[in-house]
Amino acid sequence: MARRPQKAGDSTPRGGLWPYVKLLRPHQWVKNGFVFVGLIFGEAFADLALLQSVVLAALAFSLAASSIYVVNDLADREKDRLHPVKRHRPLAAGTVNVTAALLVAGACLFGALMLAYSVSLTVLLVVALYAGLNVAYSMGLKHVAVLDVFIIAAGFMLRILAGTLGVGIAPSHWLLVCGLLLTLFLGFAKRRAELKALEEDAGSHRKVLDDYDPVLLDQFITLCAAGTVVTYSLYTVAPETVAMHGSQWLIATVPFVVYGICRYLFRLHRRGGGGDPAADLLADPHLIAAFIGWFATVLLVI
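Bear in mind the structure is a predicted one, so any value in this text is a computation, not a measurement. (Residues numbered from 1 in each chain as written. Predicted model: local features only at pLDDT ≥ 70, side-chain atom pairs only at ≥ 80, totals over all residues. Heavy atoms only, no water.)

Engineer: Can you help me understand the packing of helix H7 (residues 147-162) against helix H8 (residues 173-198) in this one?
Structural biologist: The geometry of a pair of packed helices is captured by two quantities: the angle between their axes and the separation between those axes. Between H7 and H8, the least distance of the axes is 8 Å, while the angle of their chain directions is 140 degrees. Relative to H8, the element H7 is oriented oblique. Note on packing geometry: the crossing formed by H7 with H8 is right-handed. Residues Asp148, Val149, Phe150, Ile152, Ala153, Phe156, Met157, Ile160 and Leu161 of H7 form the contact with H8, whose participating residues are Leu176, Gly179, Leu180, Thr183, Leu184, Gly187, Phe188 and Arg191. In the contact of H7 with H8, the residues fall into 12 nonpolar, three polar and two charged. (Axes fitted to C-alpha atoms, helices over the stretch in contact; angles between N-to-C directions. Helix = DSSP H or I, 4+ residues; strand = E, 2+ residues; numbered from the N terminus. Parallel < 35°, antiparallel > 145°, perpendicular 65-115°, else oblique. Left-handed = near helix turned anticlockwise from the far one by under 90°. Contact = heavy atoms within 4.5 Å. Nonpolar A, V, L, I, M, F, W, Y, C, P; charged D, E, K, R; others polar.)

What follows is the structure, encoded as structure tokens:
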């Protein structure tokens, strides 16, 4: 059968490996930075064996996440064709067929489990739980308002646990709570962005959006943003934090966190951002600068 000619203005490449790369969404792997939280704040980055274990755990989550993205795209391909941006995804656009997508998803999941097992049984169980939770999400829990975002946040919490308990680092309770609130903030912001982008067609693309409205989501977002700043600030001055790092100056990183959250809210309400946190982080120079400033200050202090 002849290949469909590329239309003018259609920037989606046809053929080759690019559709498969796009299917796996490697830019989303930046989310697996949560796996490194324990390594950084536990001052264990000088331990090469531990560093290797955390890197392998992050790679396992990257492959597992890519397999879940493929499964989600398979389930949502018809609805994605109604979305102004998601209609360019490989399965919705028809640049990757269903059989090939299933093979890619299976290979990624198998690789993820093997990498996780090479680190520890705990990491294997965490990655398997992450995959199972996301399957349940795709099978119907994504249609339950509020719970849908909590499940997304749980995926990030599992990343933190893989990089702490999974490799023998004791996680900080303050950081766990902060991580939960931050990911809830990003999740509710994503729903707000989808609601704004799709307007009256929102429910036809994602059923759960019918149960949300801008005022409700703005309240959720404000609550989680404030909670993130407060819990992170409390972590920086907690006695156990000061004792571990031998410094009271980790609080100097708080302004970068506040600026990053405010900038993210600005992009959400004034620049059409919020729909893809990883893409927003990589595309916005202010968010990049805030992250670099935060990370450099953390390393300088600890």
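Now that the structure has been shown, we can carry on.
Engineer: Hey, could you run me through the layout of surface pockets in this one?
Structural biologist: To find leftover empty space, a probe the size of one water molecule is rolled over the atoms. The space that makes up the second largest pocket amounts to roughly 1000 Å³. What lines the second largest pocket is a set of 34 residues, and nearest its centre among them are Phe34, Leu182, Leu281, Phe291 and Trp294. Those elements that place two or more of their residues in the lining of the second largest pocket are helix H2 (37-41), H7, H8, helix H10 (214-237), helix H12 (254-270), helix H13 (277-283) and helix H14 (285-301). Residue contributions to the lining of the second largest pocket peak at seven residues, all from H14. For the lining of the second largest pocket, the residue count by class is 29 nonpolar, four polar and one charged. (1 Å grid on protein atoms, 1.4 Å probe; cavity = no way out; pocket = protein on both sides within 12 Å on 5 of 7 lines; lining within 4 Å. Points joined across faces, edges and corners; volume = space filled by probe spheres on them.)

Engineer: It is not clear to me how the pattern of salt bridges should be interpreted in this structure. Could you clarify?
Structural biologist: Between side chains of opposite charge, a pair can form as their charged atoms come close. Overall, the coordinates contain nine salt bridges when judged by the stated rule. Between Arg89 and Asp73 there is a salt bridge, with its nearest N and O atoms 3.3 Å apart. Within this pair, whereas Arg89 is found in the loop between helix H3 (48-80) and helix H4 (90-93), its partner Asp73 is found in helix H3, the two being separated by 16 residues in sequence. Here Asp73 falls in the buried class, since its relative accessible area comes to 2%. Of the charged contacts, one joins Arg191 and Glu194 as a salt bridge, the two residues approaching to 3.3 Å between their closest N and O atoms. Of the two residues, Arg191 and Glu194 are both situated in helix H8; the distance of three residues between them amounts to about one turn of the helix. (Salt bridge = Lys/Arg side-chain N within 4 Å of Asp/Glu carboxyl O. Buried < 20%, exposed > 50% of the residue type's maximum accessible area, 1.4 Å probe, protein only.)

As far as function goes, none of this settles anything; it's purely spatial.
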